[in-house]
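Spelled out from the first residue to the last, the chains are:
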Amino acid sequence: MNDCCCAGQMDYGPAPYTADIRRMSIMNRNFRTAVWTGCHLQMTLMCIPVCSEIGIEMHDDTDQMIRVEQGRAIVKMGKCKYQMDFQRIVCCGEVIFVPAGTWHNVINDGRIPLKVSSVYAPPHHPRGTVHCTKADAEKAAY
């Protein structure tokens, strides 16, 4: 069975748009879905399965804000990929701020899929990006 929920997905940017991001996040089953991409900012939704993670990454020129919409996570951050000494537990409604150039990972530490919304400034993914699974995202590494 294909768990990809791509039908009807669209990136509404850069047109003016309003959305119930919490509801959209909870309904999202894709690893990553770009909801709105403008010239200077992008909103994506992510679904991280139980016992999985986003994966260690760093964006040289992009600040990021990640909001937990459902579930519980552990966030790790640091200036070095091998020494992420900032670690916190984050729950529904809490926000993670990741400065550009910071290594980070978000790990699903709960018993249900972790649903997050993520804002990138400037945009990080191509407009309209949909990755059904983490493997799809890794294949498309930019």
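Preceding block: the structure.
Residues numbered from 1 in each chain as written. Predicted model: local features only at pLDDT ≥ 70, side-chain atom pairs only at ≥ 80, totals over all residues. Heavy atoms only, no water.

As a further point, take the sheet that holds strand β6 (residues 95-98). Across the sheet, 6 strands lie side by side as β6-β3-β8-β2-β1-β9; this open sheet has antiparallel pairing. Every other strand in the sheet has two partners, leaving β6 and β9 (130-131) as the edge strands with one partner each. Examined bridge by bridge, strand β3 (residues 63-70) and strand β8 (residues 114-121) share 7 bridges and lie antiparallel to one another. Residue pairing in the sheet places Gln70 in a bridge with Lys115 of β8. (Pairing = 2+ DSSP bridges. Helix = DSSP H or I, 4+ residues; strand = E, 2+ residues; numbered from the N terminus.)

Burial of nonpolar side chains together is a common tendency in soluble globular proteins. In this structure, Ile96, Val106 and Leu114 are the most contacted members of the largest nonpolar core, which totals 16 residues. Counting only elements with at least two residues in this core, the list comes to β2 (42-48), β3, β4 (72-78), β6 and β8. Residues in contact with Val106, not counting those within four places in the same chain, are Glu53, Ile54, Ile66, Ala73, Ile74, Val75, Ile96 and Leu114. (Core = buried A, V, L, I, M, F, W, Y, C linked by side-chain atoms within 4.5 Å. Buried < 20%, exposed > 50% of the residue type's maximum accessible area, 1.4 Å probe, protein only. Contact = heavy atoms within 4.5 Å.)

This paragraph deals with the pattern of salt bridges. With the rule as written, the count across this model stands at 2 salt bridges. A salt bridge links Glu69 to Arg67; the shortest N-O distance between them is 2.5 Å. You can call Arg67 partly exposed: its relative accessible area is 28%. Put simply, Arg72 and Asp109 hold a salt bridge, and the shortest N to O gap is 2.8 Å. Of the two residues, Arg72 is situated in strand β4 and Asp109 in the loop between β7 (103-108) and β8; the sequence distance between them amounts to 37 residues. What makes Asp109 partly exposed here is its relative accessible area of 33%. (Salt bridge = Lys/Arg side-chain N within 4 Å of Asp/Glu carboxyl O.)

Its location among the elements puts Ser117 in strand β8. In this structure the side chain of Ser117 is engaged in a polar contact, spanning 2.7 Å, whose partner is the side chain of Glu69. Once you skip the residues sitting within four places of it in the chain, Ser117 turns out to touch Ile21, Ser25, Met43, Thr44, Leu45, Met65, Ile66, Arg67 and Glu69. (Polar contact = N/O pair within 3.5 Å; in protein donor to acceptor, adjacent residues only side chain to side chain.)

A separate point is the pairing of strand β1 (residues 32-37). Across the 6 residues that make up β1, a large majority, 5, are buried. Here 5 bridges tie β1 to β2, and the two strands are oriented antiparallel to one another. Across the sheet, the residue bridging to Thr37 is Gln42, located in β2. The antiparallel hairpin formed by β1 and β2 contains 4 residues in its connecting segment. Pairing analysis gives 2 bridges linking β1 to β9, with the strands arranged antiparallel.

With that out of the way, let us pick up the side chain of Thr33. Counting through the fold element by element, Thr33 comes out in strand β1. Accessibility expressed as a relative area gives 1% for Thr33, which makes it buried.

The subject of this paragraph is the sheet that holds strand β5 (residues 86-91). Pairing in this open sheet of 3 strands is antiparallel, and the strands run β5-β4-β7 from one edge to the other. Of all the strands in the sheet, the pair left with one neighbour each is β5 and β7. Taking each pair of neighbouring strands and ignoring which way they run, the sheet shows an average axis angle of 20°. Bridging between β4 and β5 involves 6 bridges; their strand directions are antiparallel. (Axes fitted to C-alpha atoms, helices over the stretch in contact; angles between N-to-C directions.)

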